Amino acid sequence: MKKLLFSLALFSLSFAAFSQSGEWIELFNGKNFDGWKISENPSSFAIVDNSIKIDGPRAHAFYAGPVGNHDFKDFELKVEVKTMPKANSGIFIHTAYQETGWPNKGYEIQVNQSHSDWRKSGSLYSFNDVREVYVHDGEWYTYHIIVKGDHATVKINDQVVMEYTESEDTNRPANAGEKKFDRGTIALQAHDPQSVIYYRSVKIKLLD
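Computed from a predicted structure; not experimentally measured.

Colleague: Is there a simple way to explain the pairing of strand E12 (residues 185–190) in this structure?
Modeller: Look at any regular strand and the pattern is simple: side chains alternate between the two faces of the sheet. In terms of burial, E12 is largely enclosed, as 6 of its 6 residues are buried. Residues Thr185, Ala187 and Gln189 point to one face of E12 and Ile186, Leu188 and Ala190 to the other, with burial holding for every one of them. As defined by bridge partners, strand E5 (residues 59–63) adjoins E12 across 4 bridges and the pair is classed as antiparallel. Within E12, the position partnered with His60 by the bridge is Gln189. Two elements, strand E7 (residues 89–95) and E12, share 3 bridges in a ladder whose sense is antiparallel. Directly across from Ile91, in E12, lies its bridge partner Leu188.

Colleague: Explain the nonpolar core to me, please; I cannot follow it from the model alone.
Modeller: Most often, soluble globular proteins have nonpolar side chains that are buried together. Counting residues in each nonpolar core, the largest one holds 48 residues, and the members touching the most others are Trp36, Phe45, Leu77, Ile91, Tyr143, Ile186 and Tyr199. Top contributing element to this core by residue count: strand E13 (residues 196–206), with 5 residues. Beyond its immediate chain neighbours, meaning those up to four positions away, Ile91 contacts Leu77, Val79, Tyr107, Glu108, Ile109, Val111, Tyr143, Ile145, Ala187, Leu188 and Tyr199.

Colleague: Explain unusual backbone geometry here, please?
Modeller: Trans is the prevailing form of peptide bonds, just as negative phi is the prevailing case for residues other than glycine. Of note in the backbone geometry, His94 takes a positive phi value of approximately 55° without being a glycine. If you trace the backbone, His94 turns up in strand E7. His94 gets classed as buried once you look at its relative accessible area, which sits at 1%. Even without a glycine there, the phi angle at Asn157 is positive, about 50°. Here Asn157 is to be found in the loop between strand E10 (151–156) and strand E11 (159–165).

Colleague: What exactly am I supposed to notice about the packing of aromatic side chains here?
Modeller: Two measures describe an aromatic ring pair: the distance that separates the ring centres and the angle between the ring planes. Enumeration according to the criterion identifies 11 aromatic pairs in this entry. Taking 5.5 Å as the distance between ring centres and 75° as the angle between the ring planes, the aromatic pair formed by Trp36 and Tyr63 counts as edge-to-face. A residue pair is termed long-range when its members are at least 10 positions apart, and Trp36 in strand E2 (residues 36–38) and Tyr63 in strand E5 qualify at 27 residues. The exposure class of Trp36 is buried, given its relative accessible area of 10%. By relative accessible area, which is 3% here, Tyr63 ends up buried. Grouping aromatic residues by their ring pairs yields a cluster made of Trp36, Tyr63, Phe72 and Phe75. Sitting over the face of the ring of Tyr198, Lys82 holds its NZ or CZ atom 5.1 Å from the ring centroid.

Colleague: Hey, could you run me through the confidence of the model for the protein chain in this one?
Modeller: Averaged over all residues, the pLDDT of the protein chain is 92; the fraction at 70 or higher stands at 90%. Counted against residues more than four places away or in other chains, residues 2–19, with its pLDDT under 50, gives 0 contacts.

Colleague: What is the right way to read the side chain of Lys120 from this model?
Modeller: With respect to the helices and strands, Lys120 occurs in the loop between strand E8 (107–111) and strand E9 (141–148). Buried and unpaired, Lys120 has no salt bridge, with Asp117 as the nearest side chain of opposite charge at 6.7 Å. Setting aside residues up to four positions removed in sequence, Lys120 forms contacts with Gln110, Asn112, Gln113, Ser114, His115, Val130, Arg131, Glu132 and Val133.

How each quantity is defined
- Residues numbered from 1 in each chain as written.
- Predicted model: local features only at pLDDT ≥ 70, side-chain atom pairs only at ≥ 80, totals over all residues.
- Heavy atoms only, no water.
- Buried < 20%, exposed > 50% of the residue type's maximum accessible area, 1.4 Å probe, protein only.
- Helix = DSSP H or I, 4+ residues; strand = E, 2+ residues; numbered from the N terminus.
- Pairing = 2+ DSSP bridges.
- Core = buried A, V, L, I, M, F, W, Y, C linked by side-chain atoms within 4.5 Å.
- Contact = heavy atoms within 4.5 Å.
- Phe/Tyr/Trp six-rings, centres within 6.5 Å; stacked < 30°, edge-to-face > 60°.
- Lys NZ or Arg CZ within 6 Å of the ring centre and 35° of its normal.
- pLDDT = per-residue confidence, 0-100.
- Lys, Arg positive; Asp, Glu negative; His and termini not counted.
- Salt bridge = Lys/Arg side-chain N within 4 Å of Asp/Glu carboxyl O.

So, in structure tokens, the structure goes:
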């Protein structure tokens, strides 16, 4: 009987994972950090008015929940963001939990309107950078990140601001290491104590 129940549980999990493909699924419930694992300085993340408020020293909130077993390859991600003046953050893709430091694995999509870093929102950080500012601090806007194979598209409020194909990058540094399209989870970044950022929706559509 126990074996039968165990088999049914595994089947249910497999069916649930299969049924998630092609559907938009919210990864943040607006109430707590269930399904997320925060590194280094957890106090940099808080829930305020059903949003994630980031305010504090370096830390990263990695999605570690059941959707796709937090191991994404091809997907679409929509994230609603609001930056305050001089704030810097990032959305990591194809990454993995790391207790300290900047994530070694995967790419970072920059979140920055007015921080001193010249790489602005929409940049695939240090691989295909954006200098133009498309939105203002203090206003909510939407990132739409599409990853298929070795190609990524980033839209801000439905406007394409960055496209990158890894295999066509003739300037790709030889020491890029794990900064590549592979598979993995996503993470939100707390960059520094002067950077205040809000995230109120993080939803994904699995394409694989």
